[in-house]
Amino acid sequence: MAAHLYSEISSRFPERSKTAFETQDGGKHAYADVDAGAARMAGALAALGVQPGDRVAVQVEKSLQAVLLYLGCVRAGAVFLPLNTAYTAAEIEYFLSDAEPRVFVCDPARKDELAGATNAAKVAHVETLDANGRGSIAERARFLPPTFDDVARGPDDLAGILYTSGTTGRSKGAMITHENLASNARALVEGWRFTRDDVLIHALPIYHTHGLFVAINTLLMAGGSMIFLPKFDAGQVLSHMPRATSMMGVPTFYTRLLQHAGLTQEATAHMRLFISGSAPLLAETHREWRARTGHAILERYGMTETNMITSNPYDGDRRPGTVGFPLPGVSLRIADPESGAVLPAGEIGMIEVKGPNVFKGYWRMPEKTAAEFRPDGFFITGDLGMIDRRDYVHIVGRGKDLVISGGFNVYPKEIETEIDALPGVVESAVIGAPHRDFGESVMAVVVRTKDSTLDEATIARALYGRLAKFKLPKKIVFVDDLPRNTMGKVQKNVLREKYGTIFSD
Ligand code: AMP
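The following paragraphs examine the structure supplied in this document.

About the cut-offs
- Residues numbered from 1 in each chain as written.
- Predicted model: local features only at pLDDT ≥ 70, side-chain atom pairs only at ≥ 80, totals over all residues.
- Heavy atoms only, no water.
- Helix = DSSP H or I, 4+ residues; strand = E, 2+ residues; numbered from the N terminus.
- Rg over C-alpha atoms; globule rule 2.2 N^0.38 Å.
- Buried < 20%, exposed > 50% of the residue type's maximum accessible area, 1.4 Å probe, protein only.
- Contact = heavy atoms within 4.5 Å.
- Lys, Arg positive; Asp, Glu negative; His and termini not counted.
- Charge placed at Lys NZ, Arg CZ, Asp CG, Glu CD.
- Near = heavy atom within 4 Å.
- Polar contact = N/O pair within 3.5 Å; in protein donor to acceptor, adjacent residues only side chain to side chain.
- Areas by Shrake-Rupley, 256 points an atom, 1.4 Å probe, with all protein chains shown as cover.
- Salt bridge = Lys/Arg side-chain N within 4 Å of Asp/Glu carboxyl O.
- Pairing = 2+ DSSP bridges.
- Axes fitted to C-alpha atoms, helices over the stretch in contact; angles between N-to-C directions.
- Core = buried A, V, L, I, M, F, W, Y, C linked by side-chain atoms within 4.5 Å.
- Phe/Tyr/Trp six-rings, centres within 6.5 Å; stacked < 30°, edge-to-face > 60°.

Scanning the protein for helices and strands turns up 15 helices and 25 strands. Its C-alpha atoms give the protein a radius of gyration of 23 Å, within 12% of the compact-globule value 23 Å for 505 residues. Taking all 505 residues of the protein together, the buried fraction comes to 58%. Taking the contacts inside the protein whose residues are at least 6 apart along the sequence as the reference set, 65% of them involve residues at least 24 apart. On the protein, the mean spot of the 56 positive side-chain charges and the mean spot of the 59 negative ones are 1 Å from each other.

We now examine the site of the ligand. As a structural note, the neighbourhood of the ligand is formed by 15 residues, with His208, Arg300, Thr304, Asp383 and Lys489 the closest of them. His208 places a polar side-chain atom, nitrogen or oxygen, 2.9 Å from an oxygen atom of the ligand. One of the side-chain nitrogen or oxygen atoms of Asp383 is found 2.6 Å away from an oxygen atom of the ligand. Protein burial of the ligand: of its 500 Å² of free accessible surface, 91% is covered by the chains. For the shell around the ligand, the secondary-structure elements that each account for two or more residues are β13 (298-303) and β20 (393-398). In terms of residues, the shell around the ligand owes the most to one element, β13, which gives five residues.

Quick look at the side chain of Asp107 now. Structurally, the position occupied by Asp107 is in the loop between β5 (103-106) and α5 (115-120). Within the buried set, Asp107 has no salt-bridge partner at all; the shortest N-O distance to an opposite charge, 7.5 Å, is to Arg110. Only 3.0 Å separates the side chain of Asp107 from the backbone nitrogen of Ala109, close enough to count as a polar contact. Residues within four places of Asp107 in sequence aside, it is in contact with Gln59, Val60, Glu61, Leu129, Asp130 and Ala131.

With that settled, consider the sheet that holds strand β15 (residues 325-326). Strand pairs in the sheet, formed through backbone hydrogen bonds, run parallel or antiparallel to each other. One open sheet holds the nine strands; their spatial order is β2-β1-β10-β9-β11-β12-β13-β14-β15, and the pairing between them is mixed. For this open sheet the edge positions go to β2 (28-30) and β15, each flanked by a neighbour on one side alone. Where strand β11 (residues 246-249) meets strand β12 (residues 273-276), four bridges bridge the pair, whose relative direction is parallel. Residue Met248 lies in a different strand from β12, and its bridge partner there is Ile275. Running over the sheet, helix α3 (residues 64-75) touches β1 (19-23), β2 and β10 (225-228) and is turned about 140° from β1.

Let's shift gears to the nonpolar core. Formed by 128 residues in total, the largest nonpolar core has its most connected members in Phe21, Leu220, Met248 and Leu257. Every residue in contact with Leu220, bar those within four places of it in the chain, is listed here: Ile9, Phe13, Ala20, Phe21, Tyr31, Leu71 and Met226.

What follows is about helix α4 (residues 89-99). Burial in α4 covers these residues: Ile92, Tyr94, Phe95, Leu96, Asp98 and Ala99. Along its buried surface, α4 packs onto β3 (55-59), β4 (79-82), β5, α5 and β7 (158-163). Just beyond α4, the residue with positive phi is Glu100, at close to 45°.

To continue, consider the sheet that holds strand β25 (residues 475-479). Within the open sheet, the three strands sit side by side as β23-β24-β25. Their pairing is mixed. The sheet terminates laterally at β23 (425-435) and β25, the two strands that pair on one side only. The sheet shows a mean angle of 25° between the axes of neighbouring strands, direction not considered. As defined by bridge partners, strand β24 (residues 439-448) adjoins β25 across five bridges and the pair is classed as parallel. Within the sheet, the bridge partner assigned to Val446 lies in β25 and is Phe478. Of the strands in this sheet, β23 and β24 are in contact with helix α13 (residues 412-420), which crosses β23 at around 140°. The sheet contacts of helix α14 (residues 456-463) involve β24 and β25, and relative to β25 the element is tilted by about 125°.

This brings us to the environment of Gln59. Tracing the sequence through the fold places Gln59 in strand β3. Residues Gln59 and Ser17, 42 residues apart in the sequence, show an inter-C-alpha distance of 30 Å. Leave out the neighbours within four places in its chain, and Gln59 touches Leu83, Asn84, Thr85, Ala86, Tyr87, Ile92, Phe104, Val105, Cys106, Asp107, Arg110 and Leu114. Of note is the side chain of Gln59, whose polar atom sits 3.1 Å from the side chain of Arg110.

With that settled, consider the pattern of salt bridges. Taken as a whole and judged by the stated rule, the model has 27 salt bridges. Each of the salt bridges in this network shares a partner with another, and the network as a whole consists of Glu8, Arg12, Glu179 and Arg186.

Let us look at unusual backbone geometry. Where the residue is not glycine, phi is negative for most of them; where a peptide bond is considered, it is trans in most cases. The phi dihedral of Lys122 is positive, around 55°, even though this residue is not glycine. Tracing the backbone shows Lys122 in the loop between α5 and β6 (125-128). What makes Lys122 exposed here is its relative accessible area of 72%.

On to the packing of aromatic side chains, then. Under the counting rule described, the total for this entry stands at 19 aromatic pairs. Ring plane angle 75° and centroid distance 5.1 Å describe the contact between Phe274 and Trp289, whose orientation is recorded as edge-to-face. Remark: Trp289 occurs in helix α11 (residues 283-293) and Phe274 occurs in strand β12; sequence separation between them is 15 residues. By relative accessible area, which is 0% here, Trp289 ends up buried. Ring centres of Phe359 and Phe373 lie 5.7 Å apart, and the angle between their planes is 25°; on these two criteria the pair is classed as stacked. A residue pair is termed long-range when its members are at least 10 positions apart, and Phe359 in the loop between β17 (349-354) and β18 (361-362) and Phe373 in the loop between α12 (366-371) and β19 (379-387) qualify at 14 residues. Among the residues examined, Phe359 registers a relative accessible area of 3% and is labelled buried. Given a relative accessible area of 22%, Phe373 falls into the partly exposed group.

Right under this line is the structure:
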């Protein structure tokens, strides 16, 4: 086991002239350039006085230079801390004050606006990097040597801190170690059969674990290439497919591609693998995709704190609506949320995981960390799920989205699946609204197909007899779209805020 993530990845690099990244301007960046660029960034950080274990916080647009900054940070033994580009100055002030980075790199256009935040957090060095890879940190790195001796790190040393999106309370910094990342990349290279021949379409943001760690670490460890796109655009992604072999996406990538007339069997003929994660992929989307392209999307499950946990099989049945099996080395169990007692197959409970993929804890939150681990080291994910008779893991929803009506547990996914299957429905979200007698009552928010005239009474009739009475929605509202975050997750907290009170009776 190599201790250092970058040392391990680079020890597996292919011939140095091979392309690692192809950028949108058509530029090809060889492994040799990536290695030299990362060395220069590491040198620039070291010259700023960055010591092993120091945090380097980064809020920048997606660019190759931003990737080099990530790799350089890891090489310098520092802790990479990427921040969502949508965060406001007030939010940035919280993250900087909490993480106390030695260096903060931001977009030059926002440097003045963020001065209050960086001053308040007493950040020693504020550097810049824009969407074209230009800025003060790139200038500092430019003329430095193309080699750098990676600062020695142990497997439990931090390589990154990723703040969770935190829909309730303040977001928490998940401490991710070198071995968390290396073990996960190893498992994914093998499990998803990535090789030097692979060309991955990379259209995800790189401030999140999916686009940053899952995609980049895995492809670099395999010695493959990435077509590095600034953002997702269905037409553009389709235009790259004839040269690509694989794509990692969130479910919205797939639903948007399905709306594009260019998505055909021929257009995807060169692709070997479509992977989806970060939010549930509708079974319907899986089926439609297969019918249109002949490919079965491979759905996997993971989270910031745990990296990737389960995956549908590469060979074998990729079952719609499931997230497959635990990755090698990862233990997963379903437990009673209160007592922690392990539940038998088929029962719904809390998903708990343990393995080299699981993070070290929340930054400077020992109590929060202790509360989310069982005494035997299993991490309580907060996701409710079940293991079926064929050992496939199913996710039923977040624990906090569970609706408890009249003392009965209602799992939103079960109701959503029934509603989604009705003709004229695109998708739905089930939430709980405060109710005088029942505590909470079931409410459904439904998106109809364009010309559908489906109404509340028709849905109610269709569900009657299919679901126990306490699970039937007491109110149904129709909307054009469900609110989603950038990773495609339906924001149920937004729905609860908007409809929770108007629904309550
Ligand atoms: P994040 O930390 O932003 O990656 O979010 C992790 C959460 O996303 C998990 O705890 C799950 O609730 C959800 N998630 C990730 N992958 C899937 C999936 N394939 N199906 C359903 N939910 C998922």
